[in-house]
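# Coordinate analysis (summary)
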Amino acid sequence: TRDALAKELYSKVFDWLVVQICSATAAPSSEVKHFVGLLDIFGFESFAINRFEQFCINYANEKLQQKFTHDVFKAVQQEYADEGIPWDNVEFKD
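Predicted, not measured: the structure shown is a model, and the values here were computed from it.

## Considering the overall build of the protein chain
- Across its full length, the protein chain carries two helices and zero strands.
- Going through the 94 residues of the protein chain one by one, you find that 9% of them count as buried.
- Pairs at least 24 residues apart make up 52% of the contacts formed inside the protein chain by residues separated by at least 6 positions.
- Taken as a whole, the protein chain presents about 8,600 Å² of accessible surface, with 62% of it coming from carbon and sulfur.

## Describing the environment of Asp-88
- By the element assignment, Asp-88 lies in the segment after α2 (52-83).
- Given the relative accessible area of 67%, Asp-88 is considered exposed.
- Taking the C-alpha atoms as reference points, Asp-88 and Gln-77, separated by eleven residues in sequence, lie 9.1 Å from one another.

## Details of the pattern of salt bridges
- Across all of its chains, the model carries three salt bridges by this definition.
- Linking Asp-3 and Arg-2 is a salt bridge whose minimum nitrogen-to-oxygen distance equals 3.2 Å. Both residues of the pair, Asp-3 and Arg-2, count as exposed.
- In this structure, Asp-71 and Lys-67 form a salt bridge, with 2.7 Å as the shortest nitrogen-oxygen distance. Taken together, the residues Asp-71 and Lys-67, both in helix α2 and four residues apart, mark about one turn of the helix.
- According to the relative accessible area criterion, Asp-71 is partly exposed, its value standing at 34%.

## What about α2?
- For α2, with 32 residues, the first-to-last C-alpha span of 46 Å sits near the 46 Å given by 1.5 Å per residue.
- Here α2 has its buried residues at Gln-54, Asn-61, Gln-65, Thr-69 and Gln-77.
- Of the residues trailing α2, Gly-84 is marked for its positive phi of about 70°.

Conventions used here
- Residues numbered from 1 in each chain as written.
- Predicted model: local features only at pLDDT ≥ 70, side-chain atom pairs only at ≥ 80, totals over all residues.
- Heavy atoms only, no water.
- Helix = DSSP H or I, 4+ residues; strand = E, 2+ residues; numbered from the N terminus.
- Buried < 20%, exposed > 50% of the residue type's maximum accessible area, 1.4 Å probe, protein only.
- Contact = heavy atoms within 4.5 Å.
- Areas by Shrake-Rupley, 256 points an atom, 1.4 Å probe, with all protein chains shown as cover.
- Salt bridge = Lys/Arg side-chain N within 4 Å of Asp/Glu carboxyl O.
- Expected span 1.5 Å × (residues − 1).

Right, here's the structure in full:
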């Protein structure tokens, strides 16, 4: 069907794009001595193949993390101000 063809085509293009980005930014495997893994409050998932759906899930998780961080900092700073607790303003960029 049209939808199945579109999904498969999109998946192949996404996989190709990921390979291109990895090839352009990665060191040759013989030179890799360390790696960095990222963990956020929503957990860590490692798949052999990441599809577009996983990209969307990761994007949504990052947006939720940003909102959580912003709300916590903003809420605590406002609470301190309301209660007259001395504090230094914390500028944060997420």
